[in-house]
Each structure stands twice: as structure tokens, then as C-alpha cells.
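Fold and contact review
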Amino acid sequence: MSETIFENKPDYIREIFHTNTAVIGMIHLKPLPGSPRFSGGNLDPIYDFAMKDLEALERAGVDGVIIENAWDIPFRKPDNIGYETVASMTAIAQRIKVQTDLAIGMNVLANGALQALSIAQAVDLPFIRVNQWVNAYIANEGFVEGASAEAMRYRSQIKGENIKIFTDVHVKHGSHSIVADRSIQDQTHDNIFFDADVLIATGTRTGNAADLNELTGIKNNSTLPVIVGSGMSEENAEEILRIADGCIIGSSIKENGEWWKNVSEERTKKFMNMVHKVRNGKDN
């Protein structure tokens, strides 16, 4: 049973996606200008790759997408994310937005909360994802602090209160807090108290499934919607989505299940068939 940590908010999953179990597909952008793997030239090939994914996701019937600079590896710490990254992601997001009615979110790696907010405000996107919202972590990028204090002030400064914040509770690709003295209950409460709108349960790295006990722990201690942010597949969808309010899905619906390839429409449709089964069960 969750306790009241902060004032209750609307259910932004239902408000944004109009369903009780939202499926949000990943659009992993090819390497952007400024990243080591960028091959030069203009943004057209990156946009074309992204549009191929968008079209497959739309035909399969997902409820929304998140645009992410997934190929900009190794990722920079938030203060070092370049202007060229923000400019490129803004340009691509705007081109994608005019091609779809799906809800679009933004995730700028690594932990670029202010950058994601600036893009979302410029392009009029309804939500962003922030992987490290509270606490401090030792991540692959080094020491990374929670983004909430500066991000919430920046959102107010740019009059972006319409942009909702989806935050990871137990951060993947990190040490899960430096001294490991924050329980799942504590971390859930921290995210709620620091004004998140939707909580995300995730595995330890891209493609790894969230632990069911951890998901249940977040859900039982949250007054906010809880979605799963990694490791979703056709095989585990029914079990996980009976607990969660939705999911973000990427790797398992790509060709051969490899995150760096294009979205497979066939794989996505099989996943969505399982989701519809869960939705019908929740409605009855």
C-alpha cells in the first residue's frame, strides 16, 4: 500500500496515451554529429532510419515513441553534451512529429534532462525520460548527480509545465547509489517527492528485464503510474503488464532482437497481440 508522499497527480499515462497499458516504442537514433561514430554529411540518413522505425511501430499499433541518441556512445556527462546534439535531435524530432499522431517523448543520453526539456519545449512534445532524477550514482560516465533540482527550475523558466517527467527509480548502467543505503521504497518515495510524473522500473542494462519483486516494490509504494523501461518481450509481457501501467520497448522488437537494427513490424505485432490480451483482462 502506497503512502502519500506528495500531492496526488493525474494519471499521465492515461492522459497522454489514452490507454490503461501504454506501449512506447524506442526510436534509437544513428550516430549524431559530434559523436565518435558519426559518418559525416547531413541528417537525412539518420532521419530516414528513424522514420523506418516509426512507420513499423505505427503499423504495429504502439501508443507512443521515445526518441533517444542511443548511438552516441560512449555517452557524455550532462554538462558536456554538445550543442550539436541538441540541435540535431531537435531537427529530427520536428521532422518526425509532423509525420505522426503518436505521442513523442525525448531522452538525451546521458541524463541530459535540461537538454531534453529544451527539445520538448521547442517541438511541443508531451514528455521526457530522465534516467537519474534523484540521488547520485557512479555510472559508466562517472559521477552523475540527480537532475531534479535544476531540471524542475529550468522547466519552470521555459514555461514547460506541460512537459511531463518520466523517471527511472533504480538506474540502469550505474551502481544504484554510491553507498547502496536507499531501498526501493526509499528511492520510489524520493522520485515522487522530487516531483516526477511517471516512474520507471528497469533492469541493470539495456535489454535486461526489470526484476518482478522490484517492479512490485515500486508499484506498491507509488501514487504515480509505473511503467517498465527495459527488457520487455513477447514472453514476459503478460506477467509484467498485469502489474505495470505500460512499458518502453526497444531491443526485443528489433530485427534479430538486436537494438542497433531497425524495428521489426512482425515482432512488434506479436508483442502488441499479447498487450491487447492484458488490456482486455484489465478492463474486465
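Further up the page is the structure itself.
Anyway, here's the lowdown on the structure attached to this text. Note that the structure is a prediction, hence the values are computed from the model and not measured.

Right, let's get into the overall build of the protein chain. In terms of regular secondary structure, the protein chain is built from 9 helices and 10 strands. A globule of 284 residues ought to have a C-alpha radius of gyration of about 19 Å, and the protein chain, at 17 Å, matches this closely. Dimensions of the protein chain along its principal axes, counting C-alpha atoms only, are 55 × 40 × 35 Å. A buried classification covers 55% of the 284 residues belonging to the protein chain.

A separate point is the nonpolar core. Judged by nonpolar contacts, the single largest core of 68 residues is most densely connected at Met106 and Phe271. Examining the composition of this core, we find that 7 residues originate from one element, helix 2 (residues 44-60), more than from any other. Ala22, Met26, Ile200 and Ile227 belong to the second largest nonpolar core, which has 15 residues in total.

Consecutive residues of a regular strand have side chains that alternate between opposite faces of the sheet. With respect to burial, strand 3 (residues 103-107) is a largely interior element, 5 of its 5 residues being buried. A two-sided burial pattern is seen for strand 3, the buried positions comprising Ala103, Gly105 and Asn107 on one face and Ile104 and Met106 on the other. Handedness of the crossover is the feature at issue here: the chain leaves strand 2 (residues 64-68), passes through helix 3 (residues 83-97), returns alongside strand 3, and the resulting connection is right-handed. Regarding the hand of the β-α-β motif, the stretch spanning strand 3, helix 4 (residues 113-123) and strand 4 (residues 127-130) is right-handed.

With respect to the helices and strands, the residue Ile5 is situated in the segment before helix 1 (12-17). Sequence separation of Ile5 and Phe194 is 189 residues, and the distance between their C-alpha atoms is 9.7 Å. The residues touching Ile5, leaving out its near neighbours within four places in the chain, are His189, Ile192 and Phe193.

Glancing now at the pattern of salt bridges. Enumeration according to the criterion identifies 14 salt bridges in this entry. Across the pair Lys219 and Asp245 runs a salt bridge, and its minimum N-O distance is 2.6 Å. Taken as a pair, Lys219 in helix 7 (residues 212-220) and Asp245 in the loop between helix 8 (237-241) and strand 10 (246-249) lie far apart in primary sequence, 26 residues in all. Between Lys277 and Glu238 there is a salt bridge, with the nearest N and O atoms lying 3.6 Å from each other. Within this pair, whereas Lys277 is found in helix 9 (residues 265-283), its partner Glu238 is found in helix 8, the two being separated by 39 residues in sequence. Under the relative-accessibility criterion, Glu238 is labelled partly exposed at 24%.

Tallying each qualifying case throughout the model produces 5 aromatic pairs. Taking 5.6 Å as the distance between ring centres and 75° as the angle between the ring planes, the aromatic pair formed by Phe17 and Phe127 counts as edge-to-face. Placement of the pair is Phe17 in helix 1 and Phe127 in strand 4, with a sequence separation of 110 residues. The pair formed by Phe17 and Phe127 is uniform in burial state, with each residue classed as buried. Summarising the aromatic geometry, the rings of Trp259 and Trp260 are spaced 6.0 Å apart at their centres and angled 90° between planes, so their arrangement reads as edge-to-face.

A few words now on the pairing of strand 2. By the criterion of burial, strand 2 is predominantly enclosed, with 5 of the 5 residues buried. Burial along strand 2 is two-sided: the residues Gly64, Ile66 and Glu68 and Val65 and Ile67 are all buried. Pairing between strand 1 (residues 22-28) and strand 2: 5 bridges, direction parallel. Bridge pairing in strand 2 places Met26 opposite Ile66. Relative to strand 3, strand 2 is paired through 5 bridges, and the arrangement is parallel. Bridge pairing in strand 3 links Ile66 to Gly105.

Criteria and cut-off values
- Residues numbered from 1 in each chain as written.
- Predicted model: local features only at pLDDT ≥ 70, side-chain atom pairs only at ≥ 80, totals over all residues.
- Heavy atoms only, no water.
- Helix = DSSP H or I, 4+ residues; strand = E, 2+ residues; numbered from the N terminus.
- Rg over C-alpha atoms; globule rule 2.2 N^0.38 Å.
- Buried < 20%, exposed > 50% of the residue type's maximum accessible area, 1.4 Å probe, protein only.
- Core = buried A, V, L, I, M, F, W, Y, C linked by side-chain atoms within 4.5 Å.
- Right-handed = clockwise from strand over helix to strand, strands pointing away.
- Contact = heavy atoms within 4.5 Å.
- Salt bridge = Lys/Arg side-chain N within 4 Å of Asp/Glu carboxyl O.
- Phe/Tyr/Trp six-rings, centres within 6.5 Å; stacked < 30°, edge-to-face > 60°.
- Pairing = 2+ DSSP bridges.

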